[in-house]
Amino acid sequence: MSEFSGKTILITGGTRGIGRACAAAFAKDGARVAICGRNDDAAQKAAQEIAAETNGEVRGFGCDIADASAVDAMVKAVSEVFGPIYILVNNAGITRDGLLMRMKSEDWSAVVDTNLTGAFNCCRAVTRDMLKQRAGRIINVSSIIGIRGQGGQTNYAAAKAGLIGFTKALAQELASRGITVNVIAPGYIDTDMTAFITEDIRKELLEKIPLKRVGNGEDIAAATKFLASDGASYITGAVLQVDGGLAM
Ligand code: NAP
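One structure accompanies this document, and this report is about it. (Residues numbered from 1 in each chain as written. Predicted model: local features only at pLDDT ≥ 70, side-chain atom pairs only at ≥ 80, totals over all residues. Heavy atoms only, no water.)

## Quick notes on the site of the ligand
Around the ligand, a shell composed of 29 residues is seen, among which Thr15, Arg16, Asn91, Tyr156 and Thr191 lie nearest. Arg38 places a main-chain nitrogen or oxygen 2.7 Å from an oxygen atom of the ligand. One of the side-chain N or O atoms of Thr191 is found 2.5 Å from an oxygen atom in the ligand. Burial of the ligand by the surrounding chains reaches 95%, relative to a free accessible area of 890 Å². Of all the elements in the fold, those that place two or more residues in the shell around the ligand are α1 (17-28) and α6 (154-174). Taken together, the residues that form the shell around the ligand break down as eleven nonpolar, 13 polar and five charged. (Near = heavy atom within 4 Å. Polar contact = N/O pair within 3.5 Å; in protein donor to acceptor, adjacent residues only side chain to side chain. Areas by Shrake-Rupley, 256 points an atom, 1.4 Å probe, with all protein chains shown as cover. Helix = DSSP H or I, 4+ residues; strand = E, 2+ residues; numbered from the N terminus. Nonpolar A, V, L, I, M, F, W, Y, C, P; charged D, E, K, R; others polar.)

And the structure:
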């Protein structure tokens, strides 16, 4: 029996990519996994597929994490179905790239609202139950772009850097209650988010990655499981780069 057996985990944006790989990894280990995406049907379909692939317990919820009242309703629904949330993975994220001079205010706001305010909404919604249990794990998925910036991504870099500061502040608030809050900062991971990258740029990037491969969802899932595990109980407010050495 795994240490995650019977524990409730909410993974935002588990319909595709990194979130989906995390959902599968925890479902395989017997956790009760809730995922969300903006579209209810797509979230339920993804959950059914992950449950079938892993023989696990997975439920999908339609929820736009930028909408605080929708998040509160989802967290309530997850707790009713699976019991109080022990692990929250704030993974859902979007990009709307463009140079600052031409960036539309909507593109700035959409990225900050999803990547940063979305994580705030979810953390606020789950902490009441975690405080009652005096236990919990929050893992925020940032990016190496939040550490070192990237031209054309001022909105994304600001949101992802904000998520790191947010994590450190929240880690200090919750430490005395047995709740840890950490960041995973992925590098270049093969998902829909990076599918637009051309073969030439991919080759250039690969040359800069010391471990000489692009990452995958399973690389991030493994790090997420570590930070959620009992073995990581003395780690809080940390930033774990999972990037093949790209941003060292
Ligand atoms: P992805 O394949 O594009 O998946 C994004 C996920 O987020 C989808 O499940 C999507 O669900 C969900 N989502 C987006 N907006 C949402 C919203 N407002 N409410 C609820 N769910 C929402 O992206 P990914 O590559 O797996 O990225 C996952 C996380 O890792 C993101 O935070 C990203 O910034 C970060 N990251 C990725 C990379 C990379 O190279 N891929 C690198 C560094 C960091 P629906 O579309 O079904 O709504």
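## Here's the deal with the side chain of Thr12
Mapped onto the secondary structure, Thr12 falls in strand β1 (residues 8-12). You can call Thr12 buried: its relative accessible area is 0%. Among the polar contacts made by the side chain of Thr12, one reaches the main-chain amide nitrogen of Ala92 at a distance of 2.9 Å. Non-local contacts of Thr12, meaning those with residues more than four positions away in its chain, are made with Cys36, Ile65, Val89, Asn90, Asn91, Ala92 and Cys122. (Buried < 20%, exposed > 50% of the residue type's maximum accessible area, 1.4 Å probe, protein only. Contact = heavy atoms within 4.5 Å.)

## Regarding the sheet that holds strand β3 (residues 57-62)
The strand order across the open sheet formed by seven strands is β3-β2-β1-β4-β5-β6-β7, and the pairing between neighbours is parallel. The sheet is open, and its two edges are formed by β3 and β7 (239-242), each paired on a single side. In this sheet, adjacent strand axes meet at a mean angle of 20 degrees when their direction is disregarded. Across six bridges, the pairing between strand β5 (residues 136-141) and strand β6 (residues 179-186) is parallel. Bridge pairing in β6 links Gly136 to Ile179. Running over the sheet, helix α4 (residues 105-133) touches β1, β4 (85-90), β5 and β6 and is turned about 165 degrees from β4. (Pairing = 2+ DSSP bridges. Axes fitted to C-alpha atoms, helices over the stretch in contact; angles between N-to-C directions.)

## Structural notes on α4
It helps to recall that an α-helix has 3.6 residues per turn; residues three or four apart then point in one direction. Compared with an ideal rise of 1.5 Å per residue, which puts 29 residues at 42 Å, α4 spans 41 Å between its outermost C-alpha atoms and is within 8% of the ideal. Of all the bends in α4, the greatest, near 40 degrees, is centred on Thr127. (Expected span 1.5 Å × (residues − 1). Bend = angle between axes of the 7 residues up to and from the residue.)

## Observations concerning the packing of α1 against helix α2 (residues 40-54)
For the pair α1 and α2, interaxial distance at closest approach is 9 Å and the crossing angle is 45 degrees. The angle between α1 and α2 falls in the class oblique. Seen along the crossing, α1 lies across α2 with a hand that is right-handed. Here Arg20, Ala23, Ala24, Ala27 and Lys28 of α1 lie close against α2, whose contacting residues are Ala46, Glu49, Ile50, Glu53 and Thr54. Among the residues making up the contact of α1 with α2, the classes are represented as five nonpolar, one polar and four charged. (Parallel < 35°, antiparallel > 145°, perpendicular 65-115°, else oblique. Left-handed = near helix turned anticlockwise from the far one by under 90°.)

## Concerning a negative patch on the surface
A cluster of acidic side chains, namely Asp64, Asp67, Asp72 and Asp113, defines a negative patch on the protein surface. Mapping Asp64 onto the fold places it in the loop between β3 and α3 (68-82). (Patch = residues over 30% accessible without salt bridge, like charges linked within 9 Å, V, L, I, M, F, W, Y side chains within 5 Å. Salt bridge = Lys/Arg side-chain N within 4 Å of Asp/Glu carboxyl O. Lys, Arg positive; Asp, Glu negative; His and termini not counted. Charge placed at Lys NZ, Arg CZ, Asp CG, Glu CD.)

## Brief notes about the nonpolar core
Grouped burial of nonpolar side chains is what soluble globular proteins tend to show. Core analysis: the largest hydrophobic core is formed by 31 residues, its most contacted members being Ile9, Ile11, Phe26, Val33, Ile35 and Ile87. Per-element accounting of this core gives the leading share, seven residues, to α1. Apart from residues no more than four positions distant in its own chain, Phe26 is found in contact with Phe4, Ile9, Ile11, Ala31, Val33, Ile87, Thr224, Lys225 and Ala228. Residues Ala34, Ile85, Cys122 and Ala171 belong to the second largest nonpolar core, which totals 25 residues. (Core = buried A, V, L, I, M, F, W, Y, C linked by side-chain atoms within 4.5 Å.)

## Brief notes about the packing of aromatic side chains
How two aromatic rings sit relative to each other is set out by the distance from centre to centre and by the angle between their planes. If you walk through the whole model with that rule in mind, you get one aromatic pair. Ring geometry for Phe4 and Phe26: centres 5.0 Å apart, planes at 70 degrees, overall edge-to-face. Highlighted residues: Phe4 in the segment before β1 and Phe26 in helix α1, separated in sequence by 22 residues. (Phe/Tyr/Trp six-rings, centres within 6.5 Å; stacked < 30°, edge-to-face > 60°.)

## Observations regarding unusual backbone geometry
Positive phi values are uncommon outside glycine, yet Arg134 reaches one of about 50 degrees. The residue Arg134 is located in the loop between α4 and β5 in this model.

## Points about the pairing of β6
The buried fraction of β6 amounts to eight of the eight residues, a majority that puts the element mostly inside the structure. Of the two faces of β6, the one carrying Ile179, Val181, Val183 and Ala185 and the one carrying Thr180, Asn182, Ile184 and Pro186 are both buried. Strand direction decides the pairing type here: β6 and β7, joined by four bridges, are parallel. Across the sheet, Pro186 pairs through a bridge with Val242, a residue of β7.

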